[in-house]
Amino acid sequence: MTDDRPHDLRADHLTDPVGVGPAMPRLSWKLPDGAATQHAYRIVAGDWDSGRVESAGSLFVPVEVPPTRGLRVEWKVQVWTDLGESEWSSTGSWEHGLLGPADWVARWVAPIEGDDLSARQRPVWQLGGALRLDGDIASARLYATAHGLYEAFVNGIRVGDLELTPGWTAYRTHLQVQTYDVTDLLARGANVVGALLSDGWWRGQNSASRRVDDYGTTTALLMQLVVTLDSGETVTLGTDDTWRCSPSHILGADLIAGEVHDLRRRADWSAWPGWEPVRVEDHGYAELCGSPAPPVRRVEELTPASVRELAAGRWIVDLGQNISGWVRLRDLGPASTDLTLTYGEWLDADGDVTQDHVAYPASSEAERSVTFQVDRAISAGVDGDVFEPRHSSKGFQFVRIDGHPGPLTADDVTGIVVHTDFEHRGTFACSDDRINALHRIATWSFRDNACDIPTDCPTRERAGWTGDWQIFVETAAFLSDVGGFSVKWLRDLAAEQRPDGKVTSLVPESHPGDDRPPAHWPLIEGSSGWGDAAVHVPWTIYRTTGDRRLLADQWDSAKAWVDFAANAAATKRHQNRIDRSADPGPHEPYLWDTGWHFGEWLEAGEALDDAIAHAMVADHGPVATAYLHRSAQQLSVIARTLGRDGEAHRFAELAENVADAWRAEFLAADGTTTPDTQATYARALAFGLIPDELRAASATRLVELIRQAGTHISTGFLATPFVLPVLADTGHLDVAYDLLLQDTEPSWLVMVDRGATSIWEEWGGIDADGIPHASLNHYSKGAVITFLHQHTAGLQLLEPGYRRFRVAPRPGGGITWARASHRSPYGPIELRWEQHTDRFDLKLTVPPGTTADVELPSGRTATLNPGRHSMSSGSLKSRFMATGER
């Protein structure tokens, strides 16, 4: 089906967003099918008309519609292309929320809790208030946020389909407000508005140390309902001192510990006048903001692969997939049936759920004993009741259900997958089912670690480690639309950044730097490979989406990080070099070899405790200096893109000096490096640190190390994504495929062969005896699938937003066909190639407004315009004209 109009209208990174902040959004659209080039456009947005604008731009186009509180703007676009004048597009929209403190009349309210908060989990509170409407309703919007997690209700009906609101941000700077259309939930006369309020990230366990009370010791709710009547009158209700509160039937809830529901104690919302008064608090409105990212939703439901009874009343549910989310349980048994659900990633030798590899205790300062990923449900004996815990999340494939009288079947349990509801954009498949399985589990690991922020794992820590996202963002940007998701996270990175430019290891960084354990936490910030997310993530998102404003918004943050690293290099020396010579060599002011660094992190055969010990004592100069070079180089290009020519020159010179220093210290005349490891060669070759005349020698040494290891990989977190591309690009494609297809430990296919449904933190996540180690859901090693996208399939980005891209398949490893697709900002790119005995066939779809440079394995090349094309080693057939064939 073709579309002869502009389509897929978006405002910034979202489709028809609501709750937009005070900045005017930028608008994007895709060109009519078959169009090669846009010559001009015309936008009509509300009362504003751009007129005809001569421009080829169709991404992030600015408009001039001044924002006002609650303003809803409908817009459409018309374009002139090589096909002529188009029809008008269908209508898109955006809607502003409350834009500042002056727009709020609601007050923060909090439940009045007792002094005893030593329970396993603190209760979820039910808060409610009344609104009377003496007229018919034209429209109504509910604006809501909380210190904690909230679920909003109007007249007893849950509002919207968002989960874990208001989400996790740098709360001390950004607290997101959600906007809901509740027109259809209100009625003429009396109405009850309320919410369930729990600890969430604000007060519950969170992040790497799993402390409590990091943002505050109390929860609070802020809600404002704005109703427009048919008469034109506006009625506003806000949380205030007339609201009431009561402990709900959810007796305890903690994001990591789990929940306790006594369904016998459910209270109807109409009972709110008999509850206790709330406490009005003054938290202000300065941190309130909208979100540039899609919200968290329940995005998929899974039917269990099996349900079996392990012992009397003990059932084991296997979803067949490691997920982030929870379960929905039906058939809760007779009244007072007490069910316990324990969630885990793996089973022990007895076939029971185990948590031994991930459930380390909460921080020692916590005064209450907490469980880990355990829910409890007490049945009310009501037919049709379901248990669904929506104030916590779990990482799991298996659930043990204790106390159920049975029988329990797969129809009674549903796995609920919960994460940011972004658009899925990229696919890959090939003739090797094991490689397809690897791609699938890497994709699932990303999905499981994208619940509002990019996390390391959905179980043990659920933390926004900067290094993990720095490693995986390019892969993620192929798989999904992570533009707004990354914009949200990056503004928090900048907010958490220290005054000297140091980037925190976690974003958000919940630890307030107080004197509670762990005392070491402020000391493990500013690591190379982690802090470099400040530069690499915005650069990657700009390249994949074309969002230039993101570079401008993050400029100060990115520059501060590189200046921090460069200053550390210039002013400090590692003890090893001081011992070597009291006077620094001329290159040493550009060696970054001091401060905290995680290093390569979790290299093959290295357990988590070993990695920590190594990070504390190693000379990280080879790694840190390499990242300083790459970030300075990327920052130079960013500066040039933003028109900051002086800064572009300064950081280009810095990058060159750092490269020279790295070579002087760590590169020998024969192309060998110090240290002589796979990771060092892969990183140096990927970052351009090896001069052209030595690249062949360094690549040969990398191959030797791989072969000496029995064709096994030995890298850790940081260098793993580079190994296969570097091998392919230096003439060792065969070694790259040998490594990819290795099926003994350590390797990617060991994960597949041992039943992994997500990527492991350690190479030996499940050992040969079936025993789990560390997290079984860490996506970083899954970044290898970018090799499948860019080399096996051959799709490589050349210009921002894929305006120009390259297709150069590199078959190998016995793979006889591959296909890939990516829904680029300009439209879908689709390719499939097949290797025959006597020829190579390629089918390619080039979207409107883009150009593809194609190179077949035979060396034959062509430049292709928009359209569907068939190309082989002996012929070229295109639905639309192909130009530049050579």
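Note on numbering: residues in each chain are counted from 1, in written sequence order. Residues qualify for local features only when their pLDDT is at least 70, as the model is predicted, and side-chain atom pairs are given and counted only at 80 or more; totals for whole chains, interfaces and linings, by contrast, use all residues. Values shown for side chains rest on all heavy atoms present in the structure; no hydrogens or waters enter the calculation.

Colleague: What should I look at first to understand the overall build of the chain in this one?
Modeller: Numbering goes from the N terminus for both helices and strands, where a helix is a DSSP run of H or I of at least four residues and a strand is a run of E of at least two. Broken down by element type, the chain carries 17 helices and 46 strands. Radius of gyration here is computed from C-alpha atoms only, and the compact-globule reference equals 2.2 Å multiplied by the residue count raised to the power 0.38. In summary, the chain has a C-alpha radius of gyration of 28 Å against a globular reference of 29 Å for 886 residues, a match within 12%. Dimensions of the chain, computed from the C-alpha atoms along their principal axes, are close to 80 × 65 × 60 Å. Relative to all contacts within the chain whose residues are 6 or more apart in sequence, the contacts with residues 24 or more apart total 72%. Methods summary: accessible areas were calculated by the Shrake-Rupley approach with a probe of 1.4 Å, and residue burial reflects only the protein chains presented. When the accessible surface of the chain is totalled, it reaches about 32,000 Å², and 48% of it is carbon and sulfur. Note on definitions: a residue-residue contact is assigned when non-hydrogen atoms from the two residues lie within 4.5 Å.

Colleague: For this particular structure, what's the right way to read the state of the cysteines?
Modeller: What makes a disulfide is a covalent bond joining the sulfur atoms belonging to two cysteines. By disulfide we mean two sulfur atoms from cysteines, separated by a distance within 2.5 Å. With the rule as written, the count across this model stands at 0 disulfides. Looking at the unpaired Cys451, the closest cysteine sulfur is the one in Cys457, lying at 13 Å. A 1.4 Å probe rolled over the protein chains alone gives each residue an accessible area, and that area as a share of the maximum for its type sets the label: buried under 20%, exposed over 50%, partly exposed in between. Judged by relative accessible area, which is 11%, Cys451 ranks as buried.

Colleague: What is the right way to look at the pattern of salt bridges in this model?
Modeller: Pairing of side chains with opposite charge becomes possible as their charged atoms draw close. In the sections that follow, a salt bridge refers to a side-chain nitrogen of Lys or Arg positioned within 4 Å of a carboxyl oxygen of Asp or Glu. Scanning the entire structure with this criterion turns up 69 salt bridges. As a salt-bridge pair, Arg264 and Asp262 come within 2.8 Å of each other at their nearest N and O atoms. What makes Arg264 partly exposed here is its relative accessible area of 45%. It is possible to trace a salt-bridge network through shared partners that takes in Glu151, Arg158, Glu163, Arg298, Glu301, Arg328, Glu388 and Arg390.

Colleague: Sorry, what's going on with the nonpolar core here?
Modeller: General note: in soluble globular proteins, nonpolar side chains tend to be found buried as a group. Only buried residues count toward a nonpolar core, which is a set of Ala, Val, Leu, Ile, Met, Phe, Trp, Tyr and Cys residues joined through side-chain atoms within 4.5 Å. Counting 180 residues, the largest nonpolar core has Phe446, Trp469, Leu724, Leu727 and Leu844 as its most contacted members. By size, the runner-up hydrophobic cluster in this structure holds 31 residues, among which are Trp125, Tyr150, Ala195 and Val278.

Colleague: Teacher, can you tell me more about unusual backbone geometry here?
Modeller: Trans peptide bonds make up the majority, and among non-glycine residues the majority have a negative phi. Between Thr165 and the following residue, Pro166, the backbone shows a cis peptide bond with an omega angle of 10°. Here Pro166 lies in the loop between β15 (157-158) and β16 (175-176). Cis geometry marks the peptide bond from Glu745 to Pro746, where omega comes out at 0°. Residue position: Pro746 is located in the loop between α15 (733-740) and α16 (748-753). For Leu164, which is not a glycine, the phi torsion comes out positive at approximately 55°.

Colleague: What is the right way to read empty space enclosed by the protein from this model?
Modeller: To find leftover empty space, a probe the size of one water molecule is rolled over the atoms. Buriedness of a pocket was judged along seven lines, with at least five required to meet protein on both sides within 12 Å; pockets are open sets of points on a 1 Å grid over the protein atoms alone, cavities are sets where a 1.4 Å probe fits but cannot get out, and lining residues have an atom within 4 Å of a point. Grid points are joined across faces, edges and corners, and a volume is the space filled by probe spheres set on the points. Evaluation of the coordinates by the stated rule reveals 7 cavities of 30 Å³ or more. Considered as a void within the structure, the largest cavity measures approximately 150 Å³ in volume. Residue type decides the class: Asp, Glu, Lys and Arg count as charged, Ala, Val, Leu, Ile, Met, Phe, Trp, Tyr, Cys and Pro as nonpolar, and the leftover types, Gly among them, as polar. Taken together, the residues that form the lining of the largest cavity break down as 7 nonpolar, 6 polar and 3 charged. Approximately 130 Å³ is the volume attributed to the second largest cavity. Arg10, Leu59, Phe60, Arg425 and Pro825 are the residues nearest the centre of the second largest cavity, which is lined by 13 residues in total. The set of elements that each furnish at least two residues to the lining of the second largest cavity consists of β1 (7-11) and β3 (26-30). Ranked by residue count, the leading element in the lining of the second largest cavity is β3, at 3 residues.

Colleague: In this structure, what is going on with the layout of surface pockets? I would like to understand it.
Modeller: Within this model, the second largest pocket holds a volume of roughly 1,000 Å³. Glu474, Arg543, Ala686, Phe722 and Gln790 are, among the 33 residues lining the second largest pocket, the residues nearest its centre. Secondary structure elements with two or more residues in the lining of the second largest pocket: α3 (466-479), α5 (533-545), α10 (621-641), α12 (678-686), α14 (720-729), α17 (785-792) and β37 (795-797). A class-by-class count of the residues in the lining of the second largest pocket yields 16 nonpolar, 12 polar and 5 charged.

Colleague: When you look at the pairing of strand β36 (residues 426-430) in this model, what are you seeing that I'm missing?
Modeller: By the criterion of burial, β36 is predominantly enclosed, with 4 of the 5 residues buried. Sheet topology places β36 next to strand β39 (residues 817-824); 5 bridges connect them, and they run antiparallel. Bridge pairing in β39 links Cys430 to Ala818. A strand pair is defined by DSSP finding two or more bridges across the two strands.

Colleague: Looking at this structure, I do not really get the sheet that holds strand β7 (residues 61-62). What am I missing?
Modeller: What holds strands together in a sheet is hydrogen bonding between their backbones, with the strands either parallel or antiparallel. Read from one edge to the other, the open sheet built from 3 strands follows the order β1-β3-β7, with strand pairing classed as antiparallel. Across the chains shown, the open sheet's two edge strands, defined by having one partner strand only, are β1 and β7. Here β3 runs beside β7; their pairing, made up of 2 bridges, is antiparallel. Within β7, the residue paired with Arg26 across the bridge is Pro62.

Colleague: Help me understand a nonpolar patch on the surface in this model?
Modeller: Each patch is assembled from residues with relative accessible area greater than 30% and no salt bridge, linking like charges that lie within 9 Å and nonpolar side chains (Val, Leu, Ile, Met, Phe, Trp, Tyr) that lie within 5 Å. A grouping of Ile612, Met616 and Val617 is seen on the molecular surface, where their side chains present a nonpolar patch of about 330 Å² in accessible area. Residue position: Ile612 is located in helix α9 (residues 608-617).

Colleague: It is not clear to me how the sheet that holds strand β21 (residues 244-247) should be interpreted in this structure. Could you clarify?
Modeller: If you trace the 6 strands from one edge of the open sheet to the other, you get β15-β14-β18-β12-β21-β24, paired in antiparallel fashion. Each edge of the open sheet carries a strand with a single partner, namely β15 and β24 (276-277). Relative to β24, β21 runs antiparallel, the two sharing 2 bridges. Bridged to Arg244 within β24 is Pro277.

Colleague: I keep staring at the packing of aromatic side chains and nothing clicks. Help me out?
Modeller: Here a ring pair, both rings aromatic, is described through the centre-centre distance and the interplanar angle of the planes. Pairing of aromatic rings covers Phe, Tyr and the six-membered ring of Trp, with a centre-to-centre limit of 6.5 Å; geometry is then stacked below 30 degrees between planes, edge-to-face above 60, and tilted otherwise. Scanning all chains against the criterion turns up 33 aromatic pairs. The structure contains a cluster of three or more aromatic residues connected by ring pairs, namely Phe422, Phe446, Trp469, Phe472, Phe485 and Tyr779. Throughout this description, the term charge over a ring refers to an Arg CZ or Lys NZ atom that lies within 6 Å of the ring centre and within 35 degrees of the ring normal. The ring of Trp80 has Arg52 sitting right over it, with the charged end atom 4.5 Å from the ring centre. Here the guanidinium or amino end of Lys76 rests over the ring plane of Trp88, the centre of that ring lying 4.9 Å away.

Colleague: How do you make sense of α17 when you look at a structure like this?
Modeller: Owing to its 3.6 residues per turn, the α-helix aligns residues three or four sequence positions apart on the same side. Taken across its 8 residues, α17 has 7 buried, putting it largely inside the fold. For α17, the set of buried residues is Ile785, Thr786, Phe787, Leu788, His789, His791 and Thr792. Gly794, located one to two residues past α17, shows a positive phi value of around 95°.

By themselves, these figures tell us nothing about what the structure is for.
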